[in-house]
Amino acid sequence: MTAAASDAKADLLFYLQSARDALLWKLEGLSEYDARRPLTPTGTNLLGLLKHAAGVELGYLGDTFGRPSGEALPWLEGDAEPNAEMWATADESRADIVVLYRRAWAHADATLDALPLDTVGRVPWWPDGKDDVTLHHAVVRVIADTHRHAGHADILRELIDGAVGMNEGNTSIPSSDPAWWEDYRGRLERAAKEADRKA
């Protein structure tokens, strides 16, 4: 492997891992109820995002490249109910889903380590004739999907208890003072109303 290919893989893994870590961190310290409860009209919930992300990694960075993980994912089978991968039943433990996600990481990382980025795979759920994809493309797709869901998780967690940021040491917010945020939010509300009046 060339140094450039090695650097490219390292970059891809860095951004993928940062999104993985963010998704996991959003579950820390929450009750079972808060980890699972639907917080949007479409039922988006923290544990469901993690369950979905595990399936995405095992599919795009495993099955697609002829490297099945052997993990049983009944929620992705043809007879599963719609959207079954986006929530956890009462019988699916948080610990089991977290462990599954970590195994999905290991499997995906092994695929990335074993294959060149220009390796062509076949996405089983894409239409015939349009199902070829390079490993590079698949990894970028998984990074984009995982970061998108990490953003969802950030908003969900903020709705639950106000916790924000990518990780414990990186909140990326200008203040931790609730009064500052109340004033800031008030200014945004006033600006929105003023813009609406001018429209």
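Note: the structure precedes this text.
1. Focus on the packing of helix α3 (residues 46-60) against helix α5 (residues 135-161)
The interhelical angle for the contact between α3 and α5, taken along N-to-C directions, is 175 degrees, at an axis separation of 10 Å. As summarised for this structure, α3 and α5 are arranged roughly antiparallel, according to the angle between their axes. On α5, the residues touching Leu46, Leu49, His52, Val56, Glu57 and Tyr60 of α3 are Ala138, Arg141, Val142, Asp145, His149, His152, Ala153, Leu156 and Ile160. Looking at the contact of α3 with α5 residue by residue, the class counts come to nine nonpolar, three polar and three charged.

2. Points about the side chain of Arg157
Its place among the elements puts Arg157 in helix α5. Taking relative accessible area as the criterion, Arg157 reaches 8% and is therefore assigned buried. Side chain to side chain, Arg157 and Asp161 meet in a polar contact 3.0 Å long. For Arg157, the contacting residues outside a window of four places in its chain are Trp25, Lys26, Leu27, Glu28, Leu30, Gly162 and Ala163.

3. Describing the nonpolar core
Core analysis: the biggest nonpolar cluster contains 28 residues, and Leu23, Leu27, Leu46, Leu50 and Tyr101 have the highest contact counts within it. Broken down by secondary-structure element, the contributors of at least two residues to this core are α1 (3-25), α3, α4 (94-114) and α5. Considering each element in turn, this core owes the most residues, seven residues, to α3. With sequence-adjacent residues up to four places away left out, Leu23 is seen in contact with Leu49, Leu50, Ala53, Tyr101, Thr146, His149, Ala150 and Ala153. Ranked by size, the runner-up nonpolar core spans 18 residues in total, among them Leu16, Val133, Ala138 and Val142.

4. Considerations on the packing of α3 against α4
Close contact between α3 and α4 brings their axes to 9 Å; oriented N to C, the two are set at 30 degrees. With respect to α4, the element α3 is oriented roughly parallel. Of the two possible hands of crossing, α3 and α4 adopt the one that is left-handed. From α3, Leu47, Leu50, Lys51, Ala53, Ala54, Glu57 and Leu58 reach across to α4, where they touch Arg94, Ile97, Val98, Leu100, Tyr101, Ala104, Trp105, His107 and Ala108. For the contact of α3 with α4, the residue count by class is twelve nonpolar, one polar and three charged.

5. Some thoughts on the pattern of salt bridges
Applying the stated rule across the entire model yields 13 salt bridges. Linking Lys51 and Glu92 is a salt bridge whose minimum nitrogen-to-oxygen distance equals 2.8 Å. Of the two residues, Lys51 sits in helix α3 while Glu92 sits in the loop between α3 and α4, which places them 41 residues apart along the sequence. Lys51 sits in the buried class, given a relative accessible area of 2%. Residue classification places Glu92 among the buried residues on the basis of a relative accessible area of 19%. Taking the shortest distance from any N to any O, the salt bridge between Glu189 and Lys193 comes out at 3.8 Å. Here the residue Glu189 and the residue Lys193 both occupy positions in helix α6 (residues 178-198), the gap between them amounting to four residues, near one helical turn. Of the residues examined, Lys193 reaches a relative accessible area of 48% and is grouped as partly exposed. Through salt bridges with shared partners, a single ionic network connects Arg20, Glu57 and Asp109.

6. Regarding unusual backbone geometry
What is expected of a backbone is that most residues other than glycine have negative phi and most peptide bonds are trans. In this structure, Asn83 is a non-glycine residue whose phi angle is positive, near 70 degrees. Topologically, Asn83 is positioned in the loop between α3 and α4.

7. Looking at the packing of aromatic side chains
Counted according to the given criterion, the structure contains seven aromatic pairs. Measuring from ring centre to ring centre gives 5.2 Å for Trp180 and Tyr184, while their planes differ by 10 degrees; the resulting arrangement is stacked. Of this pair, Trp180 and Tyr184 both sit in helix α6, separated by four residues, roughly a single helical turn. Assessed through its relative accessible area of 31%, Trp180 is described here as partly exposed. Classification of Tyr184 by relative accessible area gives partly exposed; the value is 30%. When the ring of Trp181 is compared with that of Tyr184, the centres are 5.3 Å apart and the planes differ by 90 degrees; the resulting orientation is edge-to-face. Taken together, the residues span about one helical turn, with Trp181 and Tyr184 both in helix α6 at a distance of three residues. A relative accessible area of 28% places Trp181 in the partly exposed class. In this structure an aromatic cluster arises from ring pairing among Tyr60, Trp125 and Trp126. Above the plane of the ring of Trp75 lies Lys51, whose end atom (NZ or CZ) is 4.4 Å from the centre.

Parameters and conventions
Residues numbered from 1 in each chain as written. Predicted model: local features only at pLDDT ≥ 70, side-chain atom pairs only at ≥ 80, totals over all residues. Heavy atoms only, no water. Axes fitted to C-alpha atoms, helices over the stretch in contact; angles between N-to-C directions. Helix = DSSP H or I, 4+ residues; strand = E, 2+ residues; numbered from the N terminus. Parallel < 35°, antiparallel > 145°, perpendicular 65-115°, else oblique. Contact = heavy atoms within 4.5 Å. Nonpolar A, V, L, I, M, F, W, Y, C, P; charged D, E, K, R; others polar. Buried < 20%, exposed > 50% of the residue type's maximum accessible area, 1.4 Å probe, protein only. Polar contact = N/O pair within 3.5 Å; in protein donor to acceptor, adjacent residues only side chain to side chain. Core = buried A, V, L, I, M, F, W, Y, C linked by side-chain atoms within 4.5 Å. Left-handed = near helix turned anticlockwise from the far one by under 90°. Salt bridge = Lys/Arg side-chain N within 4 Å of Asp/Glu carboxyl O. Phe/Tyr/Trp six-rings, centres within 6.5 Å; stacked < 30°, edge-to-face > 60°. Lys NZ or Arg CZ within 6 Å of the ring centre and 35° of its normal.

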